[in-house]
2 protein chains.
Amino acid sequence: MAQFDTIAIVGVGLIGGSIGQAVVEGGLARRVIGIGRRKAKLAAALRRGAVSETTTSIRQGAGAAQFIVVTTPVDKIVEVVRAVAAVCPADALITDAGSTKARIVADLESTAPAGARFVGSHPLAGSEKTGVDHARADLFRNRVVVVTPTARTCAADTKRLRRFWSSLGAKVIEMSPAEHDRAVAATSHLPRLISAALAAATPEKYLRFASSGWDDATRTAAGDADLWRSIFASNRANVLKALARFEKTLAALRVALERDDDRRLQQLLKDAKTNRDSVGN
Amino acid sequence: MAQFDTIAIVGVGLIGGSIGQAVVEGGLARRVIGIGRRKAKLAAALRRGAVSETTTSIRQGAGAAQFIVVTTPVDKIVEVVRAVAAVCPADALITDAGSTKARIVADLESTAPAGARFVGSHPLAGSEKTGVDHARADLFRNRVVVVTPTARTCAADTKRLRRFWSSLGAKVIEMSPAEHDRAVAATSHLPRLISAALAAATPEKYLRFASSGWDDATRTAAGDADLWRSIFASNRANVLKALARFEKTLAALRVALERDDDRRLQQLLKDAKTNRDSVGN
């Protein structure tokens, strides 16, 4: 059952393409317009069935939509949402898929055109692989999507947004932009930073001995460096706080190892296992 | 083509069971004797086809074998190899599958019965899952197995051992016990320690926001705490050196983030990606 007649998606990479594919396959909208700057990428999205039509014009694409999802890199989101808000219908709902929320939401609340209906989203799904070729209609199924309304958001908009992500199979969680950023600093940004440190700290001559443990622990370090640099930069204070917690725990492990303190070492390893086992996967 | 008439495997968990299964399925020996203390585990190995017969007696199992693989936890290997050497035929070859080599090999060279033919092995395969139920005949296929002969090893024994692991599909690499321990400290033990620190440092209230990046980066923290404690303890100096390298790289990332030094941050992330991409998987 279609919630919107027309949905526009700005940016047809892994996330935008997967949203489009889920909407197209689920018949959740009559038209799914892919908006982007590069025609080759738009053509690829069309071929994959991730969108039903494409345009390089935000005016043309967003002007016709009741719901617009902006999936550009975090450092472009504010600018693109403003451009969308300037041309979309007055009651159209706008969201994004950025990995950080506080700065984006605050910037938009102070600078977006009056009456723009923006509510932030962050689907906790993705992969070290990028591009529409890796898009999957089930990317959001059983994954958490955080939506971040504020005191200025109208409740009906939050409800529409929650309903949209739920229709993609996601578990929707509502929280403030600041609390969201603290949480993902610990569970997404810090792991990415640790993964990079581990990969960079491994001497080249030993890489051929990489265990499956090394493979897993460094997997996200294969992700796009530029994209991650901008994510870290936009959540710097929280990432540094999460990093301080990590460094403290690591130092405790180091001291236990230095002192040959088997009991303490085992206790720390057990604490880690308890947290890990509670998550699964 | 059978290289040995009878192979004995002490310890029928993930590694021992997978070796047995590969030998049985490949017809690499006429008899595969599983040796262990717990009858229920031996029965499970037999049911899975990981061994062709079982015994709780080292004398009975090893006494009949031309090749014996000891797959007990690292802190039990020396003791078990000595027991095997005391009862096996004089020309029988003994190896282990321990994650560290220097201490084990040195202990055995100074205390094993004269004439015992022990050459160390470390298959770089495994999983956070343990037990014979997860055993797979292809566990070693295209994985590295390090063998660690010393000046006292006879060349024919090393050759027999290399041939055995090759017949299981492994890529065999020969190096000294000390060099092996330095390598795996960086590529296996350190990742396990980092993974534990990350899992333990994640506040419980944020666990429900675990991204696939967190899942990957902490996967090995689900492994057995006791097993890993003894691995770390047996390779302490090298793990601490690898950890010092990691802490230095992590500090460089932290400083770049603190100073908002985008260029430096991006360079470090790119170095990490280069190492990660060169490994694949």
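To keep things clear, this report deals only with the structure shown in the data block. Here the structure is a predicted model, which means the values were calculated and not measured. (Residues numbered from 1 in each chain as written. Chains lettered and ligands numbered in written order. Predicted model: local features only at pLDDT ≥ 70, side-chain atom pairs only at ≥ 80, totals over all residues. Heavy atoms only, no water.)

### Quick notes on the overall build of chain A
Stated precisely, the cut-off is as follows: Strands here are runs of E lasting at least two residues and helices are runs of H or I lasting at least four, both read from the DSSP assignment and numbered beginning at the N terminus. Put simply, the radius of gyration uses C-alpha atoms, and a globule should come to 2.2 Å times the residue count raised to 0.38. Only protein chains enter the accessibility calculation, which uses a 1.4 Å probe; a residue is then buried when its area is under 20% of its type maximum, exposed when over 50%, and partly exposed in between.
In terms of helices and strands, chain A carries eleven helices and nine strands. Taken against the 2.2 N^0.38 rule, which gives 19 Å for 281 residues, the C-alpha radius of gyration of chain A at 21 Å falls within 12% of a compact globule. For chain A, the spread of C-alpha atoms along the three principal axes comes to 65 × 40 × 30 Å. When burial is assessed residue by residue, chain A has 57% of its 281 residues classed as buried.

### Some details on the side chain of D181(A)
Condition: Note on contacts: a residue pair qualifies if any of its non-hydrogen atoms lie within 4.5 Å across the two residues.
Secondary-structure assignment places D181(A) in helix α7 (residues 177–201). Not counting residues up to four positions away in its chain, the partners in contact with D181(A) are T100(A), K101(A), A102(A), R103(A), N235(A) and N238(A).

### Comments concerning helix α6 (residues 155–167) of chain B
Along an α-helix, residues three or four apart share an orientation, since each turn contains 3.6 residues. Residues and elements named next belong to chain B. What counts, and what does not: One less than the residue count of a helix, multiplied by 1.5 Å, gives the span that helix is expected to have. Comment: arc refers to directions from the helix axis out to C-beta atoms.
Counted at 1.5 Å a residue, the expected span for α6 with its 13 residues is 18 Å, and the 18 Å between its end C-alpha atoms agrees. Looking only at α6, the buried set comprises D157, T158, L161, F164 and W165. Buried residues in α6, looked at end-on, bunch into an arc of 125°, giving them a common side. In α6, those exposed residues whose orientation departs by more than 90 degrees from the buried face are A155 and K159. At the exit of α6 stands G169, carrying a positive phi of roughly 90°.

### Concerning the nonpolar core
General note: in soluble globular proteins, nonpolar side chains tend to be found buried as a group. Note the threshold: Grouping buried Ala, Val, Leu, Ile, Met, Phe, Trp, Tyr and Cys residues that are joined through side-chain atoms within 4.5 Å yields what is termed a nonpolar core.
By size, the foremost hydrophobic cluster in this structure holds 107 residues, and its most contacted members are I68(A), F246(A), I68(B) and F246(B). Excluding anything up to four places from it in sequence, I68(B) contacts A8(B), V10(B), A62(B), V84(B), C88(B), A92(B), L93(B), I94(B) and T95(B).

### Points about the pairing of strand β7 (residues 120–123) of chain A
Side-chain direction in a regular strand flips from residue to residue, so the side chains alternate between the two faces of the sheet. Residues and elements named next belong to chain A. Which entries qualify depends on this criterion: Strand pairing requires that DSSP identify at least two bridges connecting the strands.
By the alternation rule, side chains of β7 split into G120 and H122 and S121 and P123, which are all buried. One ladder, built from four bridges, connects β7 with strand β8 (residues 144–148); its direction is antiparallel. By the bridge assignment for β8, S121 is matched with V147.

### Observations concerning the relation of the copies chain A and chain B
The cut-off we apply is this: Least-squares superposition of the copies uses the C-alpha atoms of those residues scoring a pLDDT of at least 70 in each of them.
With an RMSD of 0.0 Å, the fit of chain A onto chain B corresponds to turning through 180° and sliding 0.0 Å along the axis. The superposition of one copy onto the other is thereby described by a two-fold rotation axis. Within chain A, the C-alpha atom positioned nearest to the axis of rotation is that of A217(A), 2.0 Å from it. Comparing contact sets, 100% of the residues at the interface of chain A also lie at the interface in chain B, consistent with an isologous, same-surface contact.

### With respect to the pairing of β8(A)
Residue and element names in this part refer to chain A. Heads up, the condition is: Whether a crossover is right-handed comes down to one check: with the strands pointing away from the viewer, does the path from the first strand over the helix to the second run clockwise; if it does, it is right-handed.
Burial within β8 is extensive, with five of its five residues counted as buried. Across the two faces of β8 the burial is the same, with V144, V146 and T148 and V145 and V147 all buried. As paired elements, β8 and strand β9 (residues 171–174) share four bridges and run parallel to each other. Paired with V146 across the bridge in β9 is I173. The parallel pair β8 and β9 is bridged by helix α6 (residues 155–167), and the resulting crossover is right-handed.

### Quick word on the interface of chain A and chain B
Filter applied, for reference: Put simply, buried area is the surface a 1.4 Å probe can reach on two separate parts but cannot reach once they are joined, added for both. In the sections that follow, a salt bridge refers to a side-chain nitrogen of Lys or Arg positioned within 4 Å of a carboxyl oxygen of Asp or Glu. Between N or O atoms, a polar contact is any pair within 3.5 Å; within protein, one atom must be a potential hydrogen donor and the other a potential acceptor, and residues adjacent in sequence are included only when both atoms are from side chains.
Contacts between the two partners involve 80 residues from chain A, matched on the other side by 80 residues from chain B. If you sort the residues of chain A by the area they bury against chain B, F209(A), L257(A) and R276(A) come out on top, with a joint share of 10%. At the surface where chain A touches chain B, the tally comes to eight salt bridges. Note that E247(A) and R254(B) form a salt bridge whose closest N and O atoms lie 2.9 Å from each other. Applying the counting criterion to the chain A and chain B interface returns 26 residue pairs in polar contact (both at pLDDT 80 or more). Secondary-structure elements contributing two or more residues to the side of chain A that touches chain B are β8, α7, α8 (212–218), α9 (225–234), α10 (236–258) and α11 (262–279) of chain A. Examining the composition of the side of chain A that touches chain B, we find that 17 residues originate from one element, α7(A), more than from any other.

### A closer look at the environment of E25(B)
All names here are of chain B. Within the secondary structure layout, E25 lies in helix α1 (residues 14–26). Looking at E25, the relative accessible area reads 58%, which means it is exposed. Counting along the chain gives 26 residues from E25 to V51, while the straight-line C-alpha distance between them is 10.0 Å.

### Side note on the sheet that holds strand β3 (residues 53–55) of chain B
All names here are of chain B. Sheet architecture is open: six strands sit in the order β3-β2-β1-β4-β5-β6, paired in parallel fashion. Edge positions in the sheet fall to β3 and β6 (117–118), since each of these pairs with one other strand and no more. Here strand β5 (residues 93–96) runs beside β6; their pairing, made up of two bridges, is parallel. Looking across to β6, one finds that I94 is bridged to F118.

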